[in-house]
Amino acid sequence: MIEFDAKTKIFHLHNEEFSYYFCINKLGYLIHLYSGKYIQSVDIERLTERYVERYAYLENNQEVCDESYYFALQASNFECASHLTGDKRGAPIIIKNVDGSTLTDFRYHSHSVINGKVEIENLPHTRIGTKKNVQTLEVVLKDIRSNVFLSLYYSIFDDMNVLIRNCKVFNGENEDINLIKAASLELDLFGEDYTLISTHGTWSMDRLIEETPINHNKIVVSDNHGARGFYHNPAIMIKEKEATYKSGDVFGLSLIYSGNFSFEVGQDDLNQTRIIAGINPETFNFKLSKGETFITPECVLAFSDKGINGVTQTLHDFAREYIIPKKFVNVERPILINSWEAYYFDFDTLKIKKLIDEAKELGIEMVVLDDGWFGKRNDDKTSLGDWELNLEKINLEEVIDYAHKQKMKFGLWVEPEMISPDSSLYKSHPEYALYNRNVKPTLYRHQLVLDFTSPKVVNEIFDMISSVFTKYDIDYCKWDFNRYLSEIGSTFLNADQEGEIYHRFMLGTYKLLDKFVKKFPNVLLETCASGGGRFDLGMLYYSPQIWASDETDPNARIEIQFATNLFYPLSTIGSHVSARPFSTYQDKAIIAAFGTFGYELDPLKLSEEDKKQIVEINKLVKTWHHIVTIGDYYTLKDPTKSNYASWMCVTKNKKEALVFHYNFRREPTRARYIKLVGLKPDQYYFNSLTNKIYRGDFYMNGGLNISCPIDEGKAMMFVLKAVSPLEKTIYEKMNSGKEEKRDKIV
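Since the model is a prediction, treat every value here as computed from it, not as a measurement.

Caption draft 1: How the structure looks around the overall build of the protein. When helices and strands are counted, the protein shows 16 helices and 41 strands. Here the C-alpha radius of gyration of the protein, 28 Å, is about what a compact globule of 746 residues would show, namely 27 Å. As displayed, the protein offers around 29400 Å² of accessible surface, 49% of which is attributable to carbon and sulfur atoms.

Dropping the structure here:
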């Protein structure tokens, strides 16, 4: 998968569908040549020719000029541009050197090919296990002015169009240097016809799609909140302007990182596009002493020539195969109900046992006890950090045993990264709080953040949390994170390490998560950050699902889930039904079914009719939800561009499919067809809309006809199941003359 031509000095990283070419030029620079659909060979001259000012430099007080048109610092495409040279388009790595200068000039030093992948310590990363379908190229560059080395890593797979990129900086100097920008990837693309797809949001609007034409103004998609990214998500797509969901070249980039990040995107004066992805330099300054290294987070680069759906499926497959914990990745999760909407802080043993009884009758499989079970936590102003059971409030052992006897699972809520000023932990150890002691720290939700730059603090919190999960037989953990970092300062770091705090905090969080999942591998972990404020591959490395949003209004939820669907597998998207009165339980359940599925409500307040409906809904979900968990996802209708949202999931063997359709505003009868995708053209499929059987090519070209009046906020779900020609014949004979009226079918 990795080839190097010693004569032309061209690297070719490829599989059957994807090619990535770059070369070492005669000056030692790494020049990007091509990335995209597989091609067998490239012509360096045709790809690198630039009719701009020729490259010249001064050597021994004599001008040396490159007579070719094939290299120019200001115009050539690079793998890793240097800083303060003639290239002014932005560099992925910036270093403050021993002499105080930030000038770097990285040139080729060596390279090696590794079967497998270089393991990364302390950061979530691509899991390859014993797989032999991965190769890694390490290219070592050296700054010509110093003994600073930069290793570029490229890992490629033979079974999907993905390249994993990251960097390692090594300080070979005798004195300290400061790393002030540490990106994981630079990607230079030829041409100007690209559009950026990113997400933005805030609480209750956690991810919304935004498309931005890429032009000569640099676009920066970034976050600086420390570990909570409602506002932007660390995943983007770069598509050809004419690309659609079904066709065209599209690149997807997704960081395996949950801290401050940045994507820089823009064109140069020659209309070439540069993308730089990695840690946000705004809040970053990392000191490296002699012999020390810094490793950047991995960035996933996915490609498809089959449109946005193609990249979406590649990112989904990659997350399921190489990121999400194997124990849970393709396993159906239990239908759960959370105690929060039912009781808030006001619960006791009898109330939770009653909740278990009611949930059992509804076909729900797990009850989760939310906030309020520890310390003196009867409101949100106290006790975070005091992770000891409030025995006066609840007998947890009795409640868990009761659930298990009912053949139900039981879960618990925690918020390990936070501390309340009104807590025993803070009163004993105020130095554990992460804030600058020269200011009055801001309180959000009456709480501060713990200083996870300190291993001592991480270990102490782990010991407390671990004691609870060791003592009690808990099946599930909801791991919350309800405020961002502000006024940062650490009592455990030196003053000159302030620029390291955000990254070190994230490393501490990862360390705590790593310790937790290794000690409790059978506990289903769901992370959360005031909803979906920390939804990324870094979190999915530890938790197979993430709470997508606190918002359960169907219209808002559709847009949130749609944006999340584009980048992350549907089986990771925490999605529940609530009692909010905006829609029927059926409509809300259909939306939530395209996620993990559960409930946020008080079952004691349900009518008998509602209960019957929920029982039937749960049976339906248990029957068909595996298609959502393991299937390929396709966007059919973009809700940002029409009155509809429509998508579908198809199992890998093309035998089953679920189709989703949602109508925002009420519409009268219209000629409305849902053209399906991803089916076998010559396969017969039964569909639950008309109870008829047609070939796949009919569904994909004719479509499902829903030309009828549709009310606002109406959700529909249709099932398709493959049948043989013989089954088709038998079914049609058995059902001839039994046509139902159209309005009854709809």
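Caption draft 2: The arrangement of the packing of aromatic side chains in detail. All chains considered together, the criterion is met by 53 aromatic pairs. Ring centres 4.6 Å apart and planes at 50° place the aromatic pair Phe157 and Tyr322 in the tilted group. Of the two residues, Phe157 is situated in strand β10 (residues 148-157) and Tyr322 in helix α2 (residues 307-322); the sequence distance between them amounts to 165 residues. Taking the relative accessible area as the measure of exposure, Phe157 reaches 0% and is therefore buried. Measuring from ring centre to ring centre gives 5.0 Å for Trp340 and Tyr344, while their planes differ by 75°; the resulting arrangement is edge-to-face. A relative accessible area of 24% means that Trp340 is categorised as partly exposed.

Caption draft 3: Just the sheet that holds strand β3 (residues 18-24), in detail. On the basis of which strands lie adjacent, the open sheet formed by four strands has the order β1-β2-β3-β4 and antiparallel pairing. A strand with exactly one partner marks an edge of an open sheet, and here the two such strands are β1 (2-5) and β4 (30-37). Going across the sheet, the axis of each strand differs from the next one's by a mean of 15°, ignoring polarity. Bridge analysis of β1 against strand β2 (residues 10-14) gives four bridges, and the strand direction is antiparallel. Bridge pairing in β2 links Ile2 to Leu13.

Caption draft 4: Up close: the nonpolar core. Counting residues in hydrophobic clusters, the biggest one holds 194 residues, and the most contacted among them are Ile238, Leu253 and Phe469. When near neighbours in sequence (up to four residues on either side) are disregarded, Phe469 contacts Leu412, Val414, Ile474, Tyr476, Cys477, Phe516, Phe520 and Val523. Formed by 22 residues, the second largest nonpolar core is a distinct cluster that contains Leu636, Ile706, Cys708 and Ile710.

Caption draft 5: Representation of the pattern of salt bridges. Summed over the entire model, instances satisfying the criterion amount to 42 salt bridges. Residue Asp632 pairs with Lys652 through a salt bridge whose shortest N-O separation is 2.6 Å. With a gap of 20 residues between them, Asp632 in strand β34 (residues 632-637) and Lys652 in the loop between β35 (644-650) and β36 (656-663) connect regions that are remote in the sequence. Each of Asp87, Arg89, Glu186, Asp188, Asp268 and Arg274 takes part in a single network of salt bridges with overlapping partners.

Caption draft 6: Spatial organisation of the sheet that holds strand β38 (residues 684-687). Taken in spatial order, the six strands line up as β34-β35-β36-β41-β38-β39 in an open sheet, and their pairing is antiparallel. Edge positions in the sheet fall to β34 and β39 (692-695), since each has one partner strand and no second. Put simply, the sheet's adjacent strands are angled 25° from each other on average, direction ignored. When β35 meets β36, the two strands line up antiparallel, connected through seven bridges. Paired with Met648 across the bridge in β36 is Val659.

Caption draft 7: Layout of helix α12 (residues 608-624). Over its 17 residues, α12 extends 25 Å from the first C-alpha to the last, a length consistent with the 24 Å expected when each residue adds 1.5 Å. Among all positions of α12, only Lys611, Ile614, Ile617, Asn618, Val621 and Trp624 are buried. The buried side chains of α12 occupy one side of the element, clustering within an arc of 165° when seen end-on. Exposed and oriented more than 90 degrees from the buried face of α12 are Glu608, Glu609 and Lys612. The inward-facing, buried residues of α12 abut α4 (349-361), α11 (585-592), β33 (598-600), α13 (626-630), β36 and β41 (714-723).

Caption draft 8: The pairing of β10, seen in detail. Of all the 10 residues making up β10, 10 are buried; the element is thus mostly covered by neighbouring parts of the structure. Burial of β10 is two-sided: the residues Val148, Leu150, Leu152, Tyr154 and Ile156 facing one way and the residues Phe149, Ser151, Tyr153, Ser155 and Phe157 facing the other way are all buried. With nine bridges joining them, strand β9 (residues 134-143) and β10 adopt antiparallel strand pairing. Residue Leu137 lies in a different strand from β10, and its bridge partner there is Tyr154. Here β9 hands over to β10 after four residues, the two strands then running antiparallel side by side. Pairing between β10 and strand β11 (residues 162-171): nine bridges, direction antiparallel. If you follow Ser151 over to β11, its bridge partner there is Lys168. A loop of four residues connects β10 with β11, the two strands running antiparallel in sequence.

Caption draft 9: Main features of the packing of α11 against α12. Viewed as axis vectors pointing N to C, α11 and α12 meet at an angle of 25°, and their least axial separation amounts to 10 Å. By the criterion of interaxial angle, the relationship of α11 to α12 is roughly parallel. The element α11 and its partner α12 pack so that their crossing is right-handed. For the pair α11 and α12, contact is made by Tyr585, Gln586 and Ala589 and by Asp610, Gln613, Ile614 and Ile617, respectively. Of the residues in the contact of α11 with α12, the class split is four nonpolar, two polar and one charged.

Calculation rules
- Residues numbered from 1 in each chain as written.
- Predicted model: local features only at pLDDT ≥ 70, side-chain atom pairs only at ≥ 80, totals over all residues.
- Heavy atoms only, no water.
- Helix = DSSP H or I, 4+ residues; strand = E, 2+ residues; numbered from the N terminus.
- Rg over C-alpha atoms; globule rule 2.2 N^0.38 Å.
- Areas by Shrake-Rupley, 256 points an atom, 1.4 Å probe, with all protein chains shown as cover.
- Phe/Tyr/Trp six-rings, centres within 6.5 Å; stacked < 30°, edge-to-face > 60°.
- Buried < 20%, exposed > 50% of the residue type's maximum accessible area, 1.4 Å probe, protein only.
- Pairing = 2+ DSSP bridges.
- Axes fitted to C-alpha atoms, helices over the stretch in contact; angles between N-to-C directions.
- Core = buried A, V, L, I, M, F, W, Y, C linked by side-chain atoms within 4.5 Å.
- Contact = heavy atoms within 4.5 Å.
- Salt bridge = Lys/Arg side-chain N within 4 Å of Asp/Glu carboxyl O.
- Expected span 1.5 Å × (residues − 1).
- Arc of directions from axis to C-beta.
- Parallel < 35°, antiparallel > 145°, perpendicular 65-115°, else oblique.
- Left-handed = near helix turned anticlockwise from the far one by under 90°.
- Nonpolar A, V, L, I, M, F, W, Y, C, P; charged D, E, K, R; others polar.

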